[in-house]
Amino acid sequence: MDRIQAMQVFVRVAEAGSFIQAAQTLSLPPSTVTSSVKNLEKYLQVRLLNRTTRRVSLTPEGAQYLAQCREILELIEHTEISLTDSVKRPQGRLRVDMPGGIAHFIVMPNLQDFYRRYPDIYLMIGVNDRQVDLVQEGVDCVIRTGELDDSTLVARPLGRFRWVTCASAAYLEENGTPQTPQDLSHHRAIHYFSGRARQAGEMRFARGTEKISVPVNGTAAVNETGLYIKMCLEGFGLVQLAENVVSEHLREGRLVEVLADWQPASVPVHLLYPHQRFLSPAVSAFADWIAGLVRDDDSAGSS
């Protein structure tokens, strides 16, 4: 029995609370994961997990062993890293989850640069707007925008997104250009909703210390940034989103910013990852790379 591998499998099962979920994140057959834990328990002569039809949970001995396994595995990883050039050349699989707007309009246009710098990283990009469970789903790190809820995760600030209100030139030609937020009572918006914010009918503005929310009528709501932008380009109404996501459309005149004196409040962007004594070189490399992109956009928007 490979005890190091058995420890790794046990830790993943304990964190996921499921043999099947652990097998999926480890890319192993469920039978292999189950037999690995059974053999480990047989070797240790102690039960580590309580099994039910729906979930597994730690025994008191399992909880003690889990803490010790995590410490041992982190030390092994740190030792291996210190004896190789992996700090200079980060490598391995890296699973990162992020919102669609960041994936399509920030990460994708710069992805060739990432691979030129880190050719040995196998990047797995998950695109969604929901709150993923990093431990249970085997995600190494996640990018989130907006204010953070209380979390046990480590949060690295990346920068802030300047938001704009805009519409297509055709929409403004037909409906006029609003001069104040109050003028929006005569306009329509494309609403955006997500799992965290289902109230999609308001537009928010700030000028100095003054902040207001204005209800705006609309004919549709979407939960995907690409479709949100496309509907705006087609003249369905006004939208509010990060300036860097639509910078090309604004520059080429396909979209026009309105109410520039009443910009929506800027939005913080963070990279989150689980607490670890030693941060993976691949996570560290990605964090530095994406921070450079967000900081550049932040400084450009505030200049």
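For the structure itself, consult the block above.
Residues numbered from 1 in each chain as written. Predicted model: local features only at pLDDT ≥ 70, side-chain atom pairs only at ≥ 80, totals over all residues. Heavy atoms only, no water.

1. Here's the deal with the pattern of salt bridges
As a reminder of what qualifies: Salt bridges are defined by distance alone: a side-chain nitrogen of Lys or Arg within 4 Å of a carboxyl oxygen of Asp or Glu. Counting from the N terminus, the helices are DSSP H or I runs at least four residues long and the strands are E runs at least two residues long. Relative accessible area decides the class of each residue, using a 1.4 Å probe on protein chains only: under 20% of the type maximum gives buried, over 50% gives exposed, and in between gives partly exposed.
Under the criterion given, the structure shown has nine salt bridges. Taking the shortest distance from any N to any O, the salt bridge between Arg 70 and Glu 15 comes out at 3.2 Å. Here Arg 70 is found in helix H4 (residues 60-82), whereas its partner Glu 15 is found in helix H1 (residues 3-16), with 55 residues between them in sequence. Here Arg 70 falls in the partly exposed class, since its relative accessible area comes to 37%. One salt bridge connects Asp 97 with Arg 95, and the closest N-O pair in it is separated by 2.8 Å. There is no split in this pair, since Asp 97 and Arg 95 are both buried. Each of Arg 162, Glu 243 and Glu 257 takes part in a single network of salt bridges with overlapping partners.

2. Describing the sheet that holds strand E5 (residues 141-145)
So the rule is basically this: Two strands are said to pair when DSSP picks up at least two bridges between them. The angle between two axes is taken between their N-to-C directions and runs from 0 to 180 degrees, where each axis is a line fitted to C-alpha atoms and a helix contributes only its stretch in contact.
Spatial strand order, E4-E3-E5-E14-E6: five strands in an open sheet with mixed pairing. Strand pairing shows two members of the sheet lacking a second neighbour, strand E4 (121-127) and strand E6 (154-161), which therefore form its edges. Across this sheet, the average inter-strand angle for adjacent strands is 20°, counted without regard to direction. In the sheet, strand E3 (residues 92-98) pairs with E5 via two bridges, with the strands oriented parallel. Note on E5: the bridge partner recorded for Val 96 is Cys 141.

3. A short note on the packing of aromatic side chains
Rule in force here: We call Phe, Tyr and Trp rings a pair once their centres come within 6.5 Å, taking the six-membered ring for Trp, and we label the pair stacked below 30 degrees between planes, edge-to-face above 60, and tilted otherwise.
Applying the stated criterion across every chain, the model contains seven aromatic pairs. Ring geometry for Phe 10 versus Tyr 65: centroids 5.5 Å apart, planes at 45°, classification tilted. Of this pair, Phe 10 sits in helix H1 while Tyr 65 sits in helix H4, and the two are 55 residues apart along the sequence. Residue Phe 10 shares its accessibility class with Tyr 65, and that shared class is buried. Relative to Trp 289, the ring of Phe 286 lies with its centre 5.9 Å away and its plane at 45°, an arrangement referred to as tilted. With a gap of three residues between them, Phe 286 and Trp 289 both fall in helix H11 (residues 281-302), about one helical turn apart. With respect to class, Phe 286 is no different from Trp 289; both count as buried. Three or more aromatic residues joined by ring pairs make a cluster, and in this case those are Phe 114, Tyr 115, Tyr 118, Phe 286 and Trp 289.

4. Quick notes on helix H5 (residues 100-107)
Residues separated by three or four positions in an α-helix point in the same direction, a consequence of the helix having 3.6 residues per turn. For H5, a buried count of six out of eight residues is recorded, marking the element as mostly surrounded by other parts of the structure. Considered for burial, the residues of H5 that qualify are Gly 100, Gly 101, Ile 102, Ala 103, Ile 106 and Val 107.

5. Considering helix H3 (residues 30-44)
The test is simple: Helix span, as expected, comes to 1.5 Å for every residue beyond the first. Note that the arc is computed from the directions linking the helix axis to the C-beta atoms.
Here H3 is 15 residues long and its end C-alpha atoms lie 21 Å apart, about the 21 Å a rise of 1.5 Å per residue gives. Listed in full, the buried residues belonging to H3 are Val 33, Ser 36, Val 37, Leu 40 and Glu 41. One side of H3 holds all its buried residues, which, seen down the axis, span an arc of 130°. Of the exposed residues in H3, those oriented more than 90 degrees away from the buried face are Ser 31 and Lys 42.

6. Notes on the sheet that holds strand E7 (residues 163-168)
Within a sheet, adjacent strands bond to each other through the backbone by hydrogen bonds, running parallel or antiparallel. Spatial ordering of the open sheet is given by E12-E7-E13, a layout of three strands whose pairing is antiparallel. The open sheet terminates on both sides in strands that have one partner only, identified here as strand E12 (239-242) and strand E13 (255-258). Pairwise comparison of adjacent strand axes, ignoring direction, gives a mean angle of 50° for this sheet. In terms of strand pairing, E7 meets E13 through four bridges, oriented antiparallel.

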